[in-house]
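Listed below are the residues making up each chain.
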Amino acid sequence: MATKRDYYEVLGVDRDASAADVKKAFRRLARELHPDVNPGDPEAAERFRETSEAYEALSNPETRARYDRFGHAGMAGTQFHPEQFMDFSNLSDLLGAFFGDDLFGTSRRPARGGDAAASVDLTLVEAAFGVTREVDVEIISACDRCDGSGAEPGTTPQTCPSCGGTGHVQHVSNTAFGQFVQTAACAACRGRGVRIDTPCTACRGRGRRRSQESVEVQIPAGIMSGQRLRLAGRGHAGEAGSARGDLYVNVSVAPDDRFEREGNDVVSVLDVPFTRAAIGTTVTIDTLDGRQELEVRPGTQPGEVLVLRGKGIPVLGGRGRGDHRVVMNVLVPRKLSDEQRALLDRFESTVDDATYAADDGFFHRLRTAFR
Ligand SMILES: [Zn+2]
Ligand SMILES: [Zn+2]
């Protein structure tokens, strides 16, 4: 086991720090290290856990006195629950519950659950035509043992005597400038408005638990890399009776080595030997819809673009599809044998004015179709 860091060192306070200083230090670190602020950062999550444990030990005068006398050895057998700090679905919930911070300055309403995030990796073809994916998400959900009430089944939560069930308390201060009323979450019930005398054994009275959920996500046709889908009401559970947060699914689309996406068009490059470009040929190419024959007309020029109308990517949330543009990459020999050189010399001797003349009719029409 790794050596445990000193709790005072973890919170960055002196050994004779007041309870208020301990609280202040934890609040500062919580704002800095909370998973909300550092999504997907395991180091911050671990430091947040460590900080929470140190705060839990030092915020209680009894455990703090034991820690001061015996160090970590004195903590043996003590149950720490750093996850109670993590389980608050978001930072403002946590600060509100423990410190009465009201980040929004409004009177309290039942907090909606926090938003959760997941990500999916798609191929270009999946992104083009849409796909249904199962996504695993870690969700804070209502505890099924107590139905989210936090009270052991068979017992009933009592109305919190400190706040009368409203979940918040008001501090009135009289100053030279008049009377100020400050509203903050009730510390006695952590803003829940109820007192739970017999906490649910499964969730320790919090009413919420972490669980793995498999969520079916319908990816719409035409989605682009970097876009985000919102699944309303599929995020973390809120406090009893309030709405769940949303689930955001980040979409990333892997590059396809056959096509490049340009808006709703796809572009591919076709290698055509100069002889075939001159004589014409029929080839089979990859399209989003699978293999397809493509006619390369006689006299095809380097860089010419053939447009397959409506063979691109479906318009997201709309109608129709983009185009598939095929760029002709005419291959010119880099190495010739004596025989080949002789053949080309012979060809060259037959060239006249008409050989390289542009046939405006066809090429002009085609060129105006390019962008
Ligand atoms: Zn429970
Ligand atoms: Zn209360």
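Residues numbered from 1 in each chain as written. Chains lettered and ligands numbered in written order. Predicted model: local features only at pLDDT ≥ 70, side-chain atom pairs only at ≥ 80, totals over all residues. Heavy atoms only, no water.

Another point: the pattern of salt bridges. In this structure the tally under the stated criterion is 21 salt bridges. When the shortest N-O distance is used, the salt bridge between glutamate 53 and lysine 4 registers 2.8 Å. Taken as a pair, glutamate 53 in helix α3 (residues 42–59) and lysine 4 in the segment before α1 (7–11) lie far apart in primary sequence, 49 residues in all. Of the residues examined, glutamate 53 reaches a relative accessible area of 6% and is grouped as buried. The salt bridge involving aspartate 286 is made with arginine 291; its shortest N-O contact spans 3.3 Å. (Salt bridge = Lys/Arg side-chain N within 4 Å of Asp/Glu carboxyl O. Helix = DSSP H or I, 4+ residues; strand = E, 2+ residues; numbered from the N terminus. Buried < 20%, exposed > 50% of the residue type's maximum accessible area, 1.4 Å probe, protein only.)

The next point concerns the pairing of strand β12 (residues 281–287). Here β12 pairs with strand β13 (residues 290–296) via 7 bridges, running antiparallel. For threonine 281, the partnering residue across the bridge sits in β13 and is valine 296. In textbook terms, the turn of a hairpin is the stretch between consecutive antiparallel strands, and for β12 and β13 this stretch comprises 2 residues. (Pairing = 2+ DSSP bridges.)

Contact pair helix α2 (residues 19–33) / α3: the axes reach a minimum separation of 10 Å and the direction vectors enclose 165°. By the criterion of interaxial angle, the relationship of α2 to α3 is roughly antiparallel. In this structure, α2 meets α3 at a crossing whose hand is left-handed. Residues Val22, Lys23, Phe26, Leu29, Ala30 and Leu33 of α2 touch α3, and the partners they reach there are Ala44, Arg47, Phe48, Thr51, Ser52, Tyr55 and Leu58. Grouping the amino acids of the contact of α2 with α3 by side-chain chemistry returns 9 nonpolar, 2 polar and 2 charged. (Axes fitted to C-alpha atoms, helices over the stretch in contact; angles between N-to-C directions. Parallel < 35°, antiparallel > 145°, perpendicular 65-115°, else oblique. Left-handed = near helix turned anticlockwise from the far one by under 90°. Contact = heavy atoms within 4.5 Å. Nonpolar A, V, L, I, M, F, W, Y, C, P; charged D, E, K, R; others polar.)

A separate point is a nonpolar patch on the surface. Together, Leu336, Leu344, Phe347 and Tyr356 make up a nonpolar patch on the protein surface, roughly 400 Å² of accessible area in all. Structurally, the position occupied by leucine 336 is in the loop between β15 (324–331) and α9 (338–348). Look at leucine 336 and you get partly exposed, because its relative accessible area is 32%. (Patch = residues over 30% accessible without salt bridge, like charges linked within 9 Å, V, L, I, M, F, W, Y side chains within 5 Å. Areas by Shrake-Rupley, 256 points an atom, 1.4 Å probe, with all protein chains shown as cover.)

Let us now look at the pairing of strand β1 (residues 116–122). Because side chains alternate across β1, one face comprises the buried residues Ala116, Ala118, Val120 and Leu122, and the other comprises Ala117, Ser119 and Asp121, none of which is buried. In terms of strand pairing, β1 meets strand β9 (residues 247–253) through 7 bridges, oriented parallel. Across the sheet, the residue bridging to aspartate 121 is serine 252, located in β9.

In the Ramachandran plot, aspartate 147 falls in the positive-phi region, its phi being about 60° despite a non-glycine side chain. Relative to the assigned elements, aspartate 147 resides in the loop between β2 (131–142) and β3 (158–159). Judged by its relative accessible area of 69%, aspartate 147 is exposed. In this structure, arginine 204 takes a positive phi of about 55° despite not being glycine.

Attention now goes to α3. Spacing of three or four residues puts side chains on the same side of an α-helix, whose turn is 3.6 residues. The end-to-end C-alpha separation of α3 is 25 Å, in line with the 26 Å expected for 18 residues at 1.5 Å each. Taken together, the buried positions of α3 are occupied by Ala44, Phe48, Glu50, Thr51, Ser52, Glu53, Ala54, Tyr55, Glu56, Ala57 and Leu58. (Expected span 1.5 Å × (residues − 1).)

Structurally, serine 141 can be placed in strand β2. Its relative accessible area of 15% is what places serine 141 among the buried residues. Ignoring anything within four residues of it in the chain, the contact list for serine 141 reads Gly207, Arg208, Arg209, Ser211, Glu213 and Ala237.

Coordination of the zinc ion (ligand 1) by the protein is provided by Cys143 (SG), Cys146 (SG), Cys200 (SG) and Cys203 (SG), with metal-donor distances spanning 2.3 Å. The coordination sphere of the zinc ion (ligand 1) comprises 4 donor atoms, whose angles at the metal cover 104 to 114°; the geometry is tetrahedral. In primary-sequence terms, the residues that donate to the zinc ion (ligand 1) follow C-x2-C-x53-C-x2-C. Residue cysteine 146 is located in the loop between β2 and β3, and its partner cysteine 203 is located in the loop between β6 (194–195) and β7 (208–219); the two are separated by 57 residues in the primary sequence. Taking the relative accessible area as the measure of exposure, cysteine 203 reaches 1% and is therefore buried. (Donors = N, O, S within 2.8 Å, 3.2 Å for Na, K, Ca; no water. Tetrahedral: all angles 85-135°; square planar, octahedral: opposite > 155°, others 65-115°.)

Among the secondary structure elements, arginine 230 is positioned in strand β8 (residues 228–231). Of the residues examined, arginine 230 reaches a relative accessible area of 51% and is grouped as exposed. Sequence spacing of arginine 230 and aspartate 246 is 16 residues, and the spatial spacing of their C-alpha atoms is 6.6 Å. Beyond its immediate stretch of four places on either side in the chain, arginine 230 contacts Asp246, Leu247 and Tyr248. Within the local environment of arginine 230, its side chain forms a polar contact with the side chain of aspartate 246, the two groups lying 2.8 Å apart. (Polar contact = N/O pair within 3.5 Å; in protein donor to acceptor, adjacent residues only side chain to side chain.)

With that settled, the discussion passes to the nonpolar core. Core analysis: the biggest nonpolar cluster contains 24 residues, and Leu122, Val217, Leu229 and Leu247 have the highest contact counts within it. Elements represented by at least two residues in this core include exactly β1, α7 (124–129), β2, β7, β8 and β9. Each residue touching leucine 122, except ones within four places of it in the same chain, is listed here: Ala127, Val131, Arg133, Ile219, Ile223, Val251, Ser252, Val253 and Ala254. Counting residues in hydrophobic clusters, the runner-up holds 19 residues, among them Leu11, Leu29, Leu58 and Met75. (Core = buried A, V, L, I, M, F, W, Y, C linked by side-chain atoms within 4.5 Å.)

This paragraph deals with the sheet that holds β9. Strand order in the open sheet formed by 3 strands is β1-β9-β8, and the pairing between neighbours is mixed. The outermost strands of the open sheet, each flanked by one partner alone, are β1 and β8. Within the sheet, the average angular offset between the axes of one strand and its neighbour, ignoring direction, is 25°.

A word on the sheet that holds strand β11 (residues 265–273). The 4 strands lie next to each other as β10-β11-β15-β14, forming an open sheet whose pairing is mixed. Strands at the two margins of the open sheet, each flanked by one partner only, are β10 (260–262) and β14 (305–308). Between one strand and the next, the sheet's axes are offset by a mean angle of 30°, whatever the strand orientation. The sheet contact formed by β11 and β15 spans 8 bridges and is parallel. Its bridge partner lying in β15, serine 268 is registered against valine 326.

None of the figures reported here should be taken as evidence of function without further support.
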